Amino acid sequence: MMLNPWEFKEVKDYNKLMKEFGINDFSEYKKRLKNTPLEIRRGLVIGHKDFHKIYESIAKKKKFAVLTGLMPSGVFHLGHMTVINQVIYYQKLGAKIYLLVADLEAQLTRNIKEDEARKIAIEEYLINYIALGLKNKNLNFYFQTKGPKKVQEYMNLSKLASAKTTFNEIKTIYGDITPQKFMSALTQTADILYPQLEGIKTTITPVGFDQHPHASFTRDIASRMGFSLPAFTFHKLLPGLQGIKTKMSSSKPESYIALTDDEKTVETKIKKYAFSGGRDTLEEHRKKGGNPDIDISYQYLTLFEENDKKLEEIYNSYKSGNLLSGELKSILIEKINRFLKEHRKKREKAKKQINIFLRE
Ligand code: TRP
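The rules behind the values
- Residues numbered from 1 in each chain as written.
- Predicted model: local features only at pLDDT ≥ 70, side-chain atom pairs only at ≥ 80, totals over all residues.
- Heavy atoms only, no water.
- Pairing = 2+ DSSP bridges.
- Helix = DSSP H or I, 4+ residues; strand = E, 2+ residues; numbered from the N terminus.
- Contact = heavy atoms within 4.5 Å.
- Expected span 1.5 Å × (residues − 1).
- Buried < 20%, exposed > 50% of the residue type's maximum accessible area, 1.4 Å probe, protein only.
- Near = heavy atom within 4 Å.
- Polar contact = N/O pair within 3.5 Å; in protein donor to acceptor, adjacent residues only side chain to side chain.
- Areas by Shrake-Rupley, 256 points an atom, 1.4 Å probe, with all protein chains shown as cover.
- Salt bridge = Lys/Arg side-chain N within 4 Å of Asp/Glu carboxyl O.
- Core = buried A, V, L, I, M, F, W, Y, C linked by side-chain atoms within 4.5 Å.
- Domains from an automatic or database assignment.

Moving on, we come to the sheet that holds strand β1 (residues 24-25). What holds strands together in a sheet is hydrogen bonding between their backbones, with the strands either parallel or antiparallel. Taken in spatial order, the seven strands line up as β1-β2-β7-β6-β3-β4-β5 in an open sheet, and their pairing is mixed. Of all strands in the sheet, those with a lone pairing partner are β1 and β5 (139-143), marking the two edges. Relative to strand β4 (residues 96-101), strand β3 (residues 65-70) runs parallel, the two sharing six bridges. Among the inter-strand pairings, Thr68 is bridged to a residue of β4, identified as Leu99.

So, about the environment of Ser73. By the secondary structure assignment, Ser73 is in the loop between β3 and α5 (78-92). When the C-alpha positions of Ser73 and Lys150 are compared, they lie 26 Å apart, and in sequence the two are 77 residues distant. When near neighbours in sequence (up to four residues on either side) are disregarded, Ser73 contacts Arg110, Ile112, Ile120 and Tyr125.

Moving on, we come to α5. Here α5 is 15 residues long and its end C-alpha atoms lie 21 Å apart, about the 21 Å a rise of 1.5 Å per residue gives. With 13 of 15 residues buried, α5 is to be regarded as a mostly interior element. Two residues or fewer after α5 comes Gly94, characterised by a positive phi angle close to 105°.

Before going further, it helps to examine the site of the ligand. In the vicinity of the ligand lie 14 residues, with Gly69, Glu105, Gln188, Asp191 and Gln211 positioned nearest. With respect to the ligand, the side chain of Asp191 contributes an N or O atom lying 2.9 Å from a nitrogen atom. Compared with its free state, where it exposes 360 Å², the ligand has 91% of that area covered by protein.

Right, let's get into the pairing of β3. The buried fraction of β3 amounts to five of the six residues, a majority that puts the element mostly inside the structure. Of the strand pairs in this sheet, β3 and strand β6 (residues 203-208) are connected by two bridges, and their pairing is parallel. Considered in β6, the bridge of Val66 is made with Ile204.

Turning our attention to the pattern of salt bridges. Applying the stated criterion across every chain, the model contains 22 salt bridges. Here Glu114 ties to Lys146 by a salt bridge, and the two come within 3.0 Å at their closest N and O atoms. Placement of Glu114 in helix α7 (residues 114-132) and of Lys146 in the loop between β5 and α8 (151-160) is noted, with a sequence separation of 32 residues between them. You can call Glu114 partly exposed: its relative accessible area is 33%.

With that settled, the discussion passes to the nonpolar core. Formed by 71 residues in total, the largest nonpolar core has its most connected members in Leu78, Tyr90, Tyr129, Phe141, Ile270, Tyr300 and Ile336. Built from parts of two domains, this core gets at least three residues from each of domain 1 (14-237) and domain 2 (247-348). For Ile336, the contacting residues outside a window of four places in its chain are Leu78, Ile257, Val266, Ile270 and Phe304. Met71, Ile112, Val207 and Ala222 belong to the second largest nonpolar core, which has 31 residues in total.

By themselves, these are just geometric observations and shouldn't be taken as functional.
Structure representation (structure tokens):
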């Protein structure tokens, strides 16, 4: 199957996909890493390339960098949170962080103007990042349109990379794409290889599976230009409220829980939209039990309930028909609202720190 980083495609079988693309299974590292965020512990991150380099750097306390980019296209929701929580985890382990705003890509592929992209990046993303625990220490935050510190080398790299590919290769990896998308792909390659221009050879980029074409393109270019191969982890995209086969999308409020949603909105959205794996009637549910594996409330709960045993009890209780769909929803609503209540306070504090993060 061909993935498309600019359009959502439903992945029916992740294992098959990983085999097809030669993506390695992450479960061994999931077990070996300590104090991982729930995104890793609960199995959202399932694939990787060259993670052994990162594992070794962590174990031997060697220098490494984490790099990822954000698409400033709208409201910051739970899906975006899953990425930054991974970044924060690595930051705590001592990694140097490179975070970029894909404002050039936003202009080229989504028609979002530069000043609008900047506003979204700061007010939606950066504030929430800080509130979630991102620190200004060891952090390089930049906009693609302005470039990082070694701006000339970065800009040149994105152009020189073009000499290392062919239209045929582009077609094989991305399908038929526009010049704008091709430019965005080259820019992203420069983003991912940039830490190496500052002398950090070991890098990890946590991305959703939709970004796999960029990962594979970048690794090809890297080897042809004499860079080290950047490592990647791949996570399943967090599904939208409508069901595990749907996408949480900034352009559809009924599909997401935003980190700025108020209590009432969270409650309404979950009650009204969260796809239920429960049975049609109470009687049937009691008799046959629900299906937590396709139940959106249960799926989201895995990212909020820290206690493994408690979560397992909920799983079993729902599956056996003891716990009802409405009850499960209430558990989730309570969990999310408690989290958001704290988060709201942290956001207020974060607003005062914004300027420190933006200072050159
Ligand atoms: N293309 C990414 C997105 O749509 C954004 C991005 C730009 C990115 N440069 C990157 C992601 C480098 C990871 C690494 O979300």
